[in-house]
Amino acid sequence: QALERIGAPHKIIFACDNGERLINIDYSTEFEKVKTMSSVLEKRRHVENLYAQHTRQTNYVQKSYLANYQIENDNFFQDVMLLDGRDFSNKVDLFVGGSPCQSFSNYGKKLGLEDVRGTLFYDYARVIKEAQPKIFIYENVQNLVNHDNGQTWRTMLEVWQSLGYVLKYSILDAKDYNHPQLRTRLFLIGFRKDIYN
């Protein structure tokens, strides 16, 4: 949305979200299968078939995303845990996303990296390592930096720092940017070191 608002030319290479649908599979085994497949299309179809076999739920996030953004249906993927970032190596300038916030929010159970949703952060970082975008933006709730007395954020920063990016982060509030709401969020931006001035 921000790129559209400022009129910056862009193309969405891929998007990924499972729409909070849970499937009971051996993710390690399935991801090993995915990595041996020869084409992106074959990998995507394999994961879609897994979801079709294991759940009848609709991915409403996908429906909403495809209705609001210019992206080919073949470029929407179902599960970050089964997404092979190597398929997008050096094809992505800006990688934007995050991991579910419920694990760190003041309103959740605050299980952090002990919650399966919290561990999706590791897959987000893995995709960055594999795809090597020039810049990435990670967004989550403000409380992430305080969760578990700051230990969760320190662990995450160690992972971010291992990726080879110059990191900048800040807590921003929507009210300071002409939006009529109090909405504080953590934004972390990583600049790949070979392009950082």
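For the structure, check the block above.
Residues numbered from 1 in each chain as written. Predicted model: local features only at pLDDT ≥ 70, side-chain atom pairs only at ≥ 80, totals over all residues. Heavy atoms only, no water.

Draft legend 1. Examining the environment of Phe136 more closely. Along the chain, Phe136 falls in strand β4 (residues 135-141). The contacts of Phe136, once residues within four sequence positions are left out, are Phe95, Tyr124, Ile128, Trp160, Tyr165, Leu167, Leu188, Ile189 and Gly190. (Helix = DSSP H or I, 4+ residues; strand = E, 2+ residues; numbered from the N terminus. Contact = heavy atoms within 4.5 Å.)

Draft legend 2. Local environment of empty space enclosed by the protein. Tallied over the full model, the rule gives one cavity of 30 Å³ or more. In this model, the largest cavity occupies a volume close to 80 Å³. Forming the walls of the largest cavity are Val34, Val40, Lys43, Arg44, Val47, Phe77, Gln78, Asp79, Leu82, Leu83, Asp84 and Asp87. Broken down by class, the residue content of the lining of the largest cavity amounts to six nonpolar, one polar and five charged. (1 Å grid on protein atoms, 1.4 Å probe; cavity = no way out; pocket = protein on both sides within 12 Å on 5 of 7 lines; lining within 4 Å. Points joined across faces, edges and corners; volume = space filled by probe spheres on them. Nonpolar A, V, L, I, M, F, W, Y, C, P; charged D, E, K, R; others polar.)

Draft legend 3. Structural view of the nonpolar core. Core analysis: the largest hydrophobic core is formed by 25 residues, its most contacted members being Phe14, Phe95, Ile128, Phe136, Tyr138, Trp153 and Trp160. The greatest single-element share of this core, amounting to six residues, is contributed by helix α5 (residues 120-131). (Core = buried A, V, L, I, M, F, W, Y, C linked by side-chain atoms within 4.5 Å. Buried < 20%, exposed > 50% of the residue type's maximum accessible area, 1.4 Å probe, protein only.)

Draft legend 4. Focus on the packing of helix α2 (residues 27-36) against helix α3 (residues 40-54). Two elements in contact, α2 and α3, have axes whose closest approach is 10 Å; the angle formed by their N-to-C orientations is 150°. As judged from the angle between their axes, α2 and α3 are roughly antiparallel. Two secondary-structure elements touch here, α2 through Tyr27, Glu30, Lys33 and Val34 and α3 through Lys43, His46, Val47, Leu50 and Tyr51. Taken together, the residues that form the contact of α2 with α3 break down as five nonpolar, one polar and three charged. (Axes fitted to C-alpha atoms, helices over the stretch in contact; angles between N-to-C directions. Parallel < 35°, antiparallel > 145°, perpendicular 65-115°, else oblique.)

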